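Geometric and topological summary
If you want the building blocks of each chain, they are given just below.
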Amino acid sequence: MVAVSCSLLLAFFAIEHFHSLHYQQLRQQQLSQAQTQLVKFRANLEAELNAALYASWGLVNYLTLNPHTSPQQWQLLAQGIIENHQNIRNLAIAPDNMVNFVYPLAGNEAVLGVDYSKIPEQFAMIDAARQQRQMLIAGPVDLVQGGRGVIARIPVFYRAEDGTGEQYWGSVAVVLDLDQLLQRQQLTELTAQYKIAMRGTDGKGASGDIFMGSEAIYAQADFYDAVQFLNGSWSIAIQLDSQQLGSVWQQQRVRLIGYPYVTALFLMLIALFRWYRRTYQEAMLDPLTGVANRRALDERMQVLMQVYERHQIKFAVIVVDLNGFKYVNDSFGHHAGDLVLQHTAQRLLVNTRATDTVARLGGDEFVLVLMGIDNERVVSRQVDKLRAALNQPVVVKEQQIAVSASLGCALFPMHGQTVEALLQHADIQMYKNKRKE
């Protein structure tokens, strides 16, 4: 009786385990879909936001080269900028920090004649932009006309005719309609499916205040992304909603099927559970380090290539090779070598995102797959970050073992359109870097 009771209890645990796996699979599918949508939303938002900000530089350059022109001469240029960029609500030009031009004028008459130096909360950022000689982002702020806006403060300098060098002329304020900007990227559809939070007031990124959603969403988010723009950024967080995982039947079908038959099938379920766990670990995980193996890496890259065909989302591959690993094995023993490999895998996991893949191909060679990266500069920064983490010594039985690594990278589809081509390109880059080191 005791043996039967224990076996039945184990069967119940097995059903709960498979329910958890099934639930996590549903969640992972939803997470992958959510990440794809968020990456697309972020990319489109960045494109429109930066396009509007860059457009305003045309007006700034004109004022730099023509500091003695009049508002009548600014009218046509300002009109063209706003007509071509729907997200710009208005432009204000303030020579010597006194607003004497605003476009469009209708609805903004009260802005004319405003002396920024007498409005401390605005003048502080204008003066900071002047001192830093760069655009600064204020907001989001509530606009008098309704809605929320982002204000770009751009200092204007001109070269004095008397040869005294560049002089401060004034500033240009560009007001972007944030609500319209977000809605143009289908934010309503995104928030209908997931819990979204954004932070980064005044362009301060993850350290800025939350301006959409709540702190709770941000703290419990499933993943994050960053909107990069001129001299600032916003951080986006997305959290899955369990209601989006399907009906009660879809979420609970393992329990609904398993429990009525648990008495008759408990032995089979126990055996299946053990077989599944063992097969999964042998097939998909590296037994020494616990990270993905070559098979899992190939499957992940094939999936990302399919995602690219549907959504044009690129990814990066980084090959990592430890330098002098044979010396570690020869000098400190194979146990120490195993510990070095385990530490290396852990450092790679710590310094990558949860959506990235860390795999060991064998020996002292690791491969990383970074989703959603299509910029060589971003990959270069990540390579530097990883190299710094990997070049720290490993302590084995109170003895420090010096460790260093050589890295090479490849971008899909720029450097190859197959798994082998990408790995070969990254290997070549890695060996070139190894020779330089």
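Structural data are supplied above this passage.
Criteria and thresholds
- Residues numbered from 1 in each chain as written.
- Predicted model: local features only at pLDDT ≥ 70, side-chain atom pairs only at ≥ 80, totals over all residues.
- Heavy atoms only, no water.
- Helix = DSSP H or I, 4+ residues; strand = E, 2+ residues; numbered from the N terminus.
- Buried < 20%, exposed > 50% of the residue type's maximum accessible area, 1.4 Å probe, protein only.
- Contact = heavy atoms within 4.5 Å.
- Expected span 1.5 Å × (residues − 1).
- Pairing = 2+ DSSP bridges.
- Axes fitted to C-alpha atoms, helices over the stretch in contact; angles between N-to-C directions.
- Core = buried A, V, L, I, M, F, W, Y, C linked by side-chain atoms within 4.5 Å.
- Salt bridge = Lys/Arg side-chain N within 4 Å of Asp/Glu carboxyl O.

Okay, the overall build of the protein chain next. For the protein chain, the helix and strand inventory stands at 13 helices and 15 strands. Looking at the 437 residues of the protein chain, the share that counts as buried comes to 46%. When contacts within the protein chain are restricted to residue pairs at least 6 apart in sequence, long-range pairs at least 24 apart make up 62% of them.

Our next topic: helix α3 (residues 120-132). With 13 residues, α3 should reach 18 Å at 1.5 Å per residue; the first-to-last C-alpha distance of 18 Å fits that figure. If you follow the buried residues of α3, they end up packed against β3 (136-142), β4 (148-159) and β5 (166-177). One or two steps after α3, the chain reaches Arg133, where phi turns positive at roughly 55°.

Read from one edge to the other, the open sheet built from five strands follows the order β2-β1-β5-β4-β3, with strand pairing classed as antiparallel. Where the open sheet ends on each side, the last strands, each with one partner, are β2 (101-103) and β3. Direction aside, the axes of adjacent strands within the sheet are offset by 20° on average. Bridging between strand β1 (residues 88-95) and β2 involves three bridges; their strand directions are antiparallel. Within the sheet, the bridge partner assigned to Ala92 lies in β2 and is Val102.

Leu53 and Trp234 are the most contacted members of the largest nonpolar core, which has 49 residues in total. Counting residues per element, this core draws most heavily on helix α1 (residues 2-65), which supplies twelve residues. The next biggest cluster of nonpolar side chains, apart from the first, holds 28 residues, and it includes Ile318, Val340, Val394 and Leu411.

Applying the stated criterion to the full structure yields 16 salt bridges. Notably, a salt bridge pairs Asp286 with Arg360, separated by 3.2 Å at the nearest N-O pair. In this pair, Asp286 sits in the loop between α8 (262-284) and α9 (294-311) while Arg360 sits in strand β11 (residues 357-362), placing the two residues 74 residues apart along the sequence. Asp321 is the partner of Lys434 in a salt bridge, and the nearest nitrogen-oxygen pair spans 2.9 Å. Separated by 113 residues along the polypeptide, Lys434 in helix α13 (residues 419-436) and Asp321 in strand β10 (residues 315-322) bring together distant segments of the chain. Among the residues examined, Lys434 registers a relative accessible area of 25% and is labelled partly exposed. Beyond isolated ion pairs, a larger network of salt bridges with shared partners links Arg42, Glu46 and Asp225.

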